Amino acid sequence: MKKTIMFLFAGLMSFSTFAQSVDTTEIELAEVKVISSYATERKTPVAVSTVSSKQIAETYGGSTELPEVLKVTPGVYATKQGGGVGDARINIRGFDQRNVAVTINGIPVNDMENGWVYWSNWAGLGDAVSTIQVQRGLGSSKLAINSVGGTMNIITKSTDAKAGASFQTQVTDYGQYKVTAYASTGLMKNGFALTTVLSRTAGNSYVDGTWIDGYSYFFTAAKRLGDKQRLVLTGIGAPQSHGQRSSGLTQENIDTYGIKYNPDMGRYADGTLFNDRVNYYHKPQFSLNHYWTPSSKTSLNTSVYYSIGHGGGSGRLGSSYSRDSLGLLDIQSAYDFNVADPTNRNGGVKYAQRNSVNNHYWYGVVSTLNHELTETLDLTLGVDARSYLGEHFREVRDVLGGSAWADNANGLVGVHKYASNYGNVLAVTPVDQRVAYDNDGLVKYGGLFGQVEYSKDKVSAFVTGAVNSTSNQRIDRMLYINDSTRGNESEVVVIPGYSFKGGVNYNLNENHNVFLNAGRFSRAPFFSFVFVNNSNDVVQNLVNEKANSFEAGYGYTSKKVAIKTNLYYTQWVDRSLLSGNITGPNGTLTRALMTGANALHKGFEVEFNTKPARNLEIGGIVSLGDWRWQGDIEATVYSEIDPTQSVVVKSYLDGVHVGDAPQSQYGLQGRYQLTKNLYVGGTWVYNDRFYANFDPTKRTTPESKVDAYQIPSYYNLDARVGYDVKIGDYKLQLSAQGYNLTNVMFLSDATDKDGSTFAYGFPGFGRNFNFSAKFIF
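Thresholds applied
Residues numbered from 1 in each chain as written. Predicted model: local features only at pLDDT ≥ 70, side-chain atom pairs only at ≥ 80, totals over all residues. Heavy atoms only, no water. Helix = DSSP H or I, 4+ residues; strand = E, 2+ residues; numbered from the N terminus. Buried < 20%, exposed > 50% of the residue type's maximum accessible area, 1.4 Å probe, protein only. Contact = heavy atoms within 4.5 Å. Pairing = 2+ DSSP bridges. Salt bridge = Lys/Arg side-chain N within 4 Å of Asp/Glu carboxyl O. Phe/Tyr/Trp six-rings, centres within 6.5 Å; stacked < 30°, edge-to-face > 60°. Lys NZ or Arg CZ within 6 Å of the ring centre and 35° of its normal. Core = buried A, V, L, I, M, F, W, Y, C linked by side-chain atoms within 4.5 Å. Arc of directions from axis to C-beta. Patch = residues over 30% accessible without salt bridge, like charges linked within 9 Å, V, L, I, M, F, W, Y side chains within 5 Å. Areas by Shrake-Rupley, 256 points an atom, 1.4 Å probe, with all protein chains shown as cover. pLDDT = per-residue confidence, 0-100.

Attention shifts here to the overall build of the chain. Helices and strands together make up the secondary structure of the chain, namely 6 helices and 43 strands. Expressed as a percentage of its 777 residues, the buried residues of the chain come to 55%.

Here it is in structure tokens:
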């Protein structure tokens, strides 16, 4: 195998001798940055932080999730949640990732139905990333993506001008390993170039039962079409399955079983691992970019993309499992029960597993026309159009030793037999195997945007406006299967939205600059707010969520020091909240959409970088926020039986802190090049004033209006070391990363019980290490 790999790399290297010496890397990156609305320091008037490819290469690996490379970024909080590989989340300025626009090469990737970002779909993406830029606040993006907290622009590698290859292996101290191969043809005489990255990740993660079995692939191929046009085809995907820890730990769990305890796992009598919560998914995304420069003043950049996702997550069907003396699921007892009485429950087993499947088909286009009106004015016009179909259904995964599962959900009764291909990432389960629910969500989105930019001498400014329309429709093949009067399709709900923003930057001199920006957007409610209670009924009196934002900043740049500071003020108006179970007017449990929730997020941020010596780099951040709910909210719930009957539910929130992220953060990072071949580096981050996540709709009485539980403050200290070895014309890079070196026990995620006590959450990883060897050809 080793000889085969070396032969392939050798062939690639010899093939590259026919490559041209023209470097197109920067040209291609510049084109992608235009589509991505990439901000420029001391010109674009927004709060921006950029992580370089070198920083990503040195910090990403082992237990680090891609969002965590941003941990020393003002206002950013990233966590692994339960600890399963790819189960990370990110929060910016107190806004979760439903309200943080994430783009890959300018293409939006937030879920079209609920806005979430599933990082497991992009496992291995870090190996292909060139740079990540975070624009906090409304940012400068021309797209009508309506980010409240910020925009995370991920720029992948371009087709490299020079041929080359590398092979990297990584292993953690807890048994997770990864191998990555990279190769590039370089730019050849025929104008073609190809770059690929492949990886394989497997083994055990830090948390008990959270194994990973995954692959990832990335390629980008470029072809010149004369002097004025280029085509670039990019593909990325990560078929994977991994064990999760979805159930939060109570304080008693942590004290009794430790931070690695996973309440979702168990073991059979022979020791075989069983995890009730397994995620499996494959979401490839392919994009074809056309870059056309008809004249020196005009360019048209268009990206057409398609993504198809298959997979879901497992969980329990039927009765709850008992637990053994170690607090684990007693899966053996459940299995034995089913074997002894395989048709216990209405013709089916008592215990079973299900898959909750979420397949989707998503395609779209982003096109941007840039024209230089004058020497000082540039005009940008564009379109952002997307179409999304999401298939949602539940299927039987395993009958755990029994013969069949009988489903009586929604009044339907049928026997569903186990099929061996349910765990297959690419399998599409037959309709007659579906249980509990079976419906589709159709979302179509269209937006037009325009921007005028001014730049002359010391002044640069922009004004951006966008309008958009979101169409929602729900199709239900189970709840309305026998309803001849209504059919199984809901009405089409079309909701308009808009955004406008602008800003100005003034360079006082070559060292100092100041900027201001302001904006407002109106966003249509997510699909899950349009249809509630698993029905095709449309929520009445839907209200768009709105945000008003203002920001002011100052920057200082010299040869050895760069300092950026800013103040922000963001008011979130008419936020939509979906209540938990409440008692409706007819006495049944129901859920209600509660609108009119307002929140104010304001704060101060500092980011600095300095190079006090030739081989020493030091940076740091300070983020001080004050995020609170404003006012109380209420909703009217109408009876499904008698629409004239209603009940009013109210939540008391005024002045309560917004939870889910630390409102004060302090961080330091450094890197020292000890010798030509040896470097050391480290990061330290302290999180304070960290209020737990909570359900705002549960503060239902004036007495319950108490502040959220405050999570104990904590810090993390990470370090890394790297050494380069020259082997002839090749290079070997050895590195090691240590995370949470002081082994601090901390809660990275928490939910409160009643505002004063901790209910459950996830502890962060203890001390752990990653070791890497990379051979560069």
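Moving on, there is more to tell.
Let's shift gears to the side chain of T201. Among the structural elements, T201 can be located in strand β11 (residues 192-204). For T201, a relative accessible area of 14% puts it in the buried group. Apart from the residues within four sequence positions on either side, T201 is in contact with Q176, Y177, K178, I212, D213 and G214.

We now examine the sheet that holds strand β1 (residues 47-51). With mixed pairing, the 5 strands of this open sheet are ordered in space as β1-β7-β8-β5-β6. Across the chains shown, the open sheet's two edge strands, defined by having one partner strand only, are β1 and β6 (107-108). In this structure, strand β5 (residues 100-104) lies alongside strand β8 (residues 150-156), joined through 5 bridges in parallel fashion. Within β8, the position partnered with A101 by the bridge is T151.

Attention shifts here to the pairing of strand β24 (residues 434-456). Alignment of strand β21 (residues 377-398) against β24, held across 19 bridges, turns out to be antiparallel. Of the residues in β24, the one forming a bridge with Y388 is V443. Relative to strand β25 (residues 459-476), β24 is paired through 18 bridges, and the arrangement is antiparallel. When the sheet's bridge partners are listed, V452 is paired in β25 with V463. Linkage of β24 to β25, two consecutive antiparallel strands, is achieved through a turn of 2 residues, within which D457 is found at a positive phi near 55°.

Quick look at the pattern of salt bridges now. What the rule picks out here adds up to 24 salt bridges. Notably, a salt bridge pairs E68 with K80, separated by 2.8 Å at the nearest N-O pair. A residue pair is termed long-range when its members are at least 10 positions apart, and E68 in the loop between α3 (53-59) and β2 (76-79) and K80 in the loop between β2 and β3 (89-92) qualify at 12 residues. This pair shows no difference in class: E68 is buried, exactly as K80 is. Ionic pairing is found between R93 and E551, a salt bridge with its closest N-O pair at 2.4 Å. Residue R93 is located in the loop between β3 and β4 (95-96), and its partner E551 is located in strand β28 (residues 545-557); the two are separated by 458 residues in the primary sequence. The residues R93 and E551 share a single accessibility class, namely buried. Three or more residues are tied together by salt bridges with common partners; here these are R93, R136, E551 and E605.

Bringing the packing of aromatic side chains into the picture now. Inspection of every chain in the model, using the stated rule, returns 23 aromatic pairs. Here the aromatic rings of W684 and Y686 are separated by 6.2 Å at their centres, their planes lie at 15°, and the arrangement is stacked. Residue class for Y686 comes out partly exposed when judged on its relative accessible area of 26%. Relative to F777, the ring of F775 has its centre 4.9 Å away and its plane inclined at 85°; by these criteria the two rings are edge-to-face. Grouped by ring-pair contacts, the aromatic residues Y268, F274, Y321, Y335, F337 and Y351 constitute a single cluster. Of note, K260 hangs over the ring of Y206, and the distance from its end group to the ring centre comes to 4.4 Å. The aromatic ring of Y445 is capped on one face by R386, whose charged end is 4.3 Å from the ring centroid.

Sheet topology note: the strand β13 (residues 229-237)/strand β18 (residues 285-295) ladder contains 8 bridges and is antiparallel. Across the sheet, R230 pairs through a bridge with Y291, a residue of β18. Between β18 and strand β19 (residues 298-318), which pair antiparallel and follow one another directly, the connecting turn spans 2 residues.

Counting 43 residues, the largest nonpolar core has W629 and I711 as its most contacted members. Those elements that provide at least two residues to this core are β29 (561-578), β32 (593-613), β33 (616-630), β37 (678-691) and β41 (747-752). Among all residues touching I711, those that are not within four sequence positions of it are F690, Y691, A692, L747 and A750. Among the nonpolar cores identified, the runner-up in size contains 28 residues, and Y60, V76, V129 and I154 belong to it.

Taken together, the buried positions of helix α5 (residues 331-340) are occupied by I331, Q332, A334 and N338. Looking down the long axis of α5, one finds its buried residues gathered within 160° of arc, a one-sided arrangement. Looking at the buried positions of α5, the neighbouring elements they touch are β15 (265-267), β16 (273-275) and β20 (351-372).

What follows is about unusual backbone geometry. With a phi close to 70°, A436 is a non-glycine residue in the positive phi region. You can see A436 is positioned in strand β24. Located in the positive-phi region is N740, a residue other than glycine, with phi close to 50°.

Our focus in this paragraph is the sheet that holds β3. Sheet strands line up and pair through hydrogen bonds in the backbone, either parallel or antiparallel. What the 3 strands build is an open sheet, ordered β2-β3-β4; its pairing is antiparallel. The open sheet has two edge strands, β2 and β4, and neither has a second partner. Relative to β3, β2 runs antiparallel, the two sharing 4 bridges. Its bridge partner lying in β3, Y77 is registered against N91.

Moving on, we get to a nonpolar patch on the surface. On the surface, L567, F604, L624, Y666, L668, W684 and L717 cluster together to form a nonpolar patch covering roughly 560 Å² of accessible area. With respect to the helices and strands, Y666 occurs in strand β36 (residues 662-673).

Another point: the confidence of the model for the chain. Here the chain averages 87 in pLDDT, while 87% of its residues score no lower than 70. For the chain, the element scoring lowest by mean pLDDT is helix α1 (residues 2-15), at 36; β36 scores highest, at 98. pLDDT under 50 marks residues 1-24. Its contacts with residues more than four places away, or in other chains, come to 35 contacts. Low pLDDT, under 50, characterises residues 410-428; the stretch is placed with 49 contacts to residues that sit more than four places away or in other chains.

Quick look at the environment of S241 now. Locating S241 in the fold gives a position in strand β14 (residues 240-243). For S241, a relative accessible area of 16% gives the class buried. Here the alpha-carbon distance between S241 and A202, two residues 39 residues apart in the chain, equals 9.8 Å. Among all residues touching S241, those that are not within four sequence positions of it are W211, I212, D213, N279 and Y280.

In this section: the environment of W684. Mapped onto the elements, W684 comes out in strand β37. The spacing of W684 and Q669 is 15 residues in sequence and 6.3 Å in space, taken between C-alpha atoms. Sequence-distant contacts of W684, that is, excluding residues within four places in its chain, are made with Y666, G667, L668, Y715, N716 and L717.

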